[in-house]
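Below are the chains, spelled out letter by letter.
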Protein chains: 2
Amino acid sequence: MSGALMITLSDLEVRVVVFTLQNNQLQVLLHPTGSTDQWMLPGCGLLESDNLESAAADCIEGLTGLKEVFLEQLYTYGDPGRNPQGRVVSVVYFALLAAGSLSLERIGQARAAWQPVCDLPALAWDHSEILAYALRRLRYKLEYSAVGFELLPEVFTLSELQHTYEQILGEQLDKRNFRRRILQAGIIEPMTERRSGDGRPAQLYRYRADAVAEVKARRLFP
Amino acid sequence: MSGALMITLSDLEVRVVVFTLQNNQLQVLLHPTGSTDQWMLPGCGLLESDNLESAAADCIEGLTGLKEVFLEQLYTYGDPGRNPQGRVVSVVYFALLAAGSLSLERIGQARAAWQPVCDLPALAWDHSEILAYALRRLRYKLEYSAVGFELLPEVFTLSELQHTYEQILGEQLDKRNFRRRILQAGIIEPMTERRSGDGRPAQLYRYRADAVAEVKARRLFP
DNA sequence: CCAAAAGTGTTCTATGTACACCCATGC
DNA sequence: GCATGGGTGTACATAGAACACTTTTGG
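Owing to the predicted nature of the structure, the values given are computational and were not obtained by experimental measurement. (Residues numbered from 1 in each chain as written. Chains lettered and ligands numbered in written order. Predicted model: local features only at pLDDT ≥ 70, side-chain atom pairs only at ≥ 80, totals over all residues. Heavy atoms only, no water.)

1. Details of the protein's contact with DNA strand D
- Surveying the vicinity of DNA strand D reveals 20 residues, the closest of which are A:Arg200, B:Lys175, B:Gly199, B:Arg200 and B:Gln203.
- In the interface set of DNA strand D, defined as its atoms within 4 Å of the protein, sugar plus phosphate atoms amount to 37%.
- A:Asp174 is positioned with one of its side-chain polar atoms (N or O) 3.3 Å from a base nitrogen of DNA strand D.
- At 3.5 Å from a base nitrogen of DNA strand D is found a side-chain nitrogen or oxygen belonging to A:Arg180. (Near = heavy atom within 4 Å. Polar contact = N/O pair within 3.5 Å; in protein donor to acceptor, adjacent residues only side chain to side chain.)

As structure tokens, this is what we get:
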């Protein structure tokens, strides 16, 4: 530390950006602000005994009832003036919920609601900026890690997986290349069951817990 | 926000992990703790008017006299118990200084010192963990962005650039492939001068300010 | 038998990797 | 003239991209 340690009291909070897939659309969990028809990212304060990540996890559990979610620190926002009510430092976490794992009543009790990412309501303060960054991070992570599985139920078909990728990346993917590469990667395994539907029944797969889910980035230089 | 907003007062500080190259070695700026022979990452508190990033920039300017440095938020550490003197939340930034741009006297005045990353002294609290993460981030960023130039002076030779990469990545690179790819990428341009030295004089290059310095990550799936 | 979604291979192109010798200068 | 670091090109292997038809089920 250079010179004296200066300690400043700040309002410190944890906020969460929670994504899930519903109706084949990427959705984010938002909370009404109350006063206007604006919405905000859910969050909470920090108890003495909490670490930052478990505060975020508790917040998500309170809203959804889910304990095991993909959770990762996103960024810390602390500009003075980002909140007109005074200086607030927000440590923001980023979470993914598996489709179909939600207890919707609890969300209703908290008055929080899922909103489609492609058609968002107005957000308070700098929360639009935070959400845009979370979305960039989600897309980016999808490129080099197997984070897409976090949005799917435990058991899924290859078409469902591909639609998830297309939904998040916002582009169409080639079915044959997608299947070949994901099977080559060895990160999913077929189950004995198939799922009947509209056409030919689809093979069900599940994510392999022992999979190595990260891929080396392409280097700019050798 | 779910239910009432809980506000907790915490000690909030900004810390910086500052890297530079000296004697062809990656170095990090550390500060003695005073009591034991342990060292720590430099840092400062947060003034009312500061945003987090400018607090980090001011801290680095105070130690080195440099205003324009590569600076990026690394992570926020806030576990209770990470500092035995009480709950401290540290927003940690990550900085790169160009080799040869340092005013060494100021560092001496603040009793901070450069320490080689390959042979570090003992660090206080969780600062080893923070430094290890910063190093991972540096290596990772090097893979997909042109962050390596931030550690070099404005003008450099291709061999110097290659040595920088080798130093950070910890592996040898092929000279011909390195040169071909970095020239193809179009992110550096030759200058009219050459630099005389021990053998044949080397062409000098500089980084092109208009360069696109990021490369698309390799996807896990198509 | 028809609609609807599942499943399947090959060719071509681009990228990455491995590798060894000559060149220009200072002493 | 020799020691020192600078500079150059080619052949091979791997990975990615483009592309269309057959299969299995339910109604």
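2. Description of the protein's contact with DNA strand C
- Around DNA strand C, 20 residues are found, and the nearest of them are A:Ser159, A:Lys175, A:Arg176, A:Arg179 and A:Gln203.
- Close to the protein, within 4 Å, the atoms of DNA strand C are drawn from sugar and phosphate at a rate of 41%.
- With respect to DNA strand C, the side chain of B:Arg176 contributes an N or O atom lying 3.2 Å from a base nitrogen.
- Separating a base nitrogen of DNA strand C from a side-chain N or O atom of B:Arg180 is a distance of 3.4 Å.

3. Quick word on the pairing of strand β5 (residues 70–77) of chain A
Residues and elements named next belong to chain A.
- Across the 8 residues of β5, 7 count as buried, placing the element largely inside the fold.
- Alignment of β5 against strand β6 (residues 88–96), held across 7 bridges, turns out to be antiparallel. Bridge pairing in β6 places Tyr77 opposite Ser90. (Buried < 20%, exposed > 50% of the residue type's maximum accessible area, 1.4 Å probe, protein only. Helix = DSSP H or I, 4+ residues; strand = E, 2+ residues; numbered from the N terminus. Pairing = 2+ DSSP bridges.)

4. Quick notes on the state of the cysteines
- If you walk through the whole model with that rule in mind, you get 0 disulfides over all chains.
- A:Cys59 supplies the cysteine sulfur nearest to A:Cys44, a cysteine that is in no disulfide, at a spacing of 4.6 Å. (Disulfide = S-S within 2.5 Å.)

5. Quick word on the domain arrangement of chain A
Residue and element names in this part refer to chain A.
- Once the domains are mapped, chain A shows domain 1 (11–144) and domain 2 (155–207).
- Here domain 1 and domain 2 have C-alpha centroids that lie 28 Å from each other.
- If you look at the interface, domain 1 gives 8 residues, while domain 2 gives 6 residues.
- Here domain 1 and domain 2 share an interface that buries about 730 Å² over both sides, 67% of which is from carbon and sulfur atoms.
- On the domain 1 side of the interface with domain 2, the three residues burying the most area are Asn24, Arg139 and Leu142, jointly 60% of the side's total.
- Run the count over domain 1 and domain 2 and you get 0 salt bridges.
- Secondary-structure elements contributing two or more residues to the side of domain 1 that touches domain 2 are β2 (25–32) and α3 (127–144).
- In terms of residue count, the dominant contributor to the side of domain 1 that touches domain 2 is α3 (4 residues). (Domains from an automatic or database assignment. Contact = heavy atoms within 4.5 Å. Buried area = accessible area lost by both parts, 1.4 Å probe. Salt bridge = Lys/Arg side-chain N within 4 Å of Asp/Glu carboxyl O.)

6. Thoughts on the pairing of strand β6 (residues 88–96) of chain B
- Extensive coverage of β6(B) is indicated by the burial of 9 of its 9 residues.
- The two faces of β6(B) match: B:Val88, B:Ser90, B:Val92, B:Phe94 and B:Leu96 on one face and B:Val89, B:Val91, B:Tyr93 and B:Ala95 on the other face are all buried.

7. Observations concerning the packing of helix α4 (residues 158–169) of chain A against helix α5 (residues 175–185) of chain A
All names here are of chain A.
- Direction vectors running N to C along α4 and α5 enclose 105 degrees, while the axes themselves pass 11 Å from each other. Classed by the angle they form, the pair α4 and α5 counts as roughly perpendicular. Together, Leu158, Ser159, Leu161, Gln162 and Tyr165 of α4 and Lys175, Phe178, Arg179, Ile182 and Leu183 of α5 make up the contact between the two elements.
- Its residues placed into classes, the contact of α4 with α5 shows 6 nonpolar, 2 polar and 2 charged. (Axes fitted to C-alpha atoms, helices over the stretch in contact; angles between N-to-C directions. Parallel < 35°, antiparallel > 145°, perpendicular 65-115°, else oblique. Nonpolar A, V, L, I, M, F, W, Y, C, P; charged D, E, K, R; others polar.)

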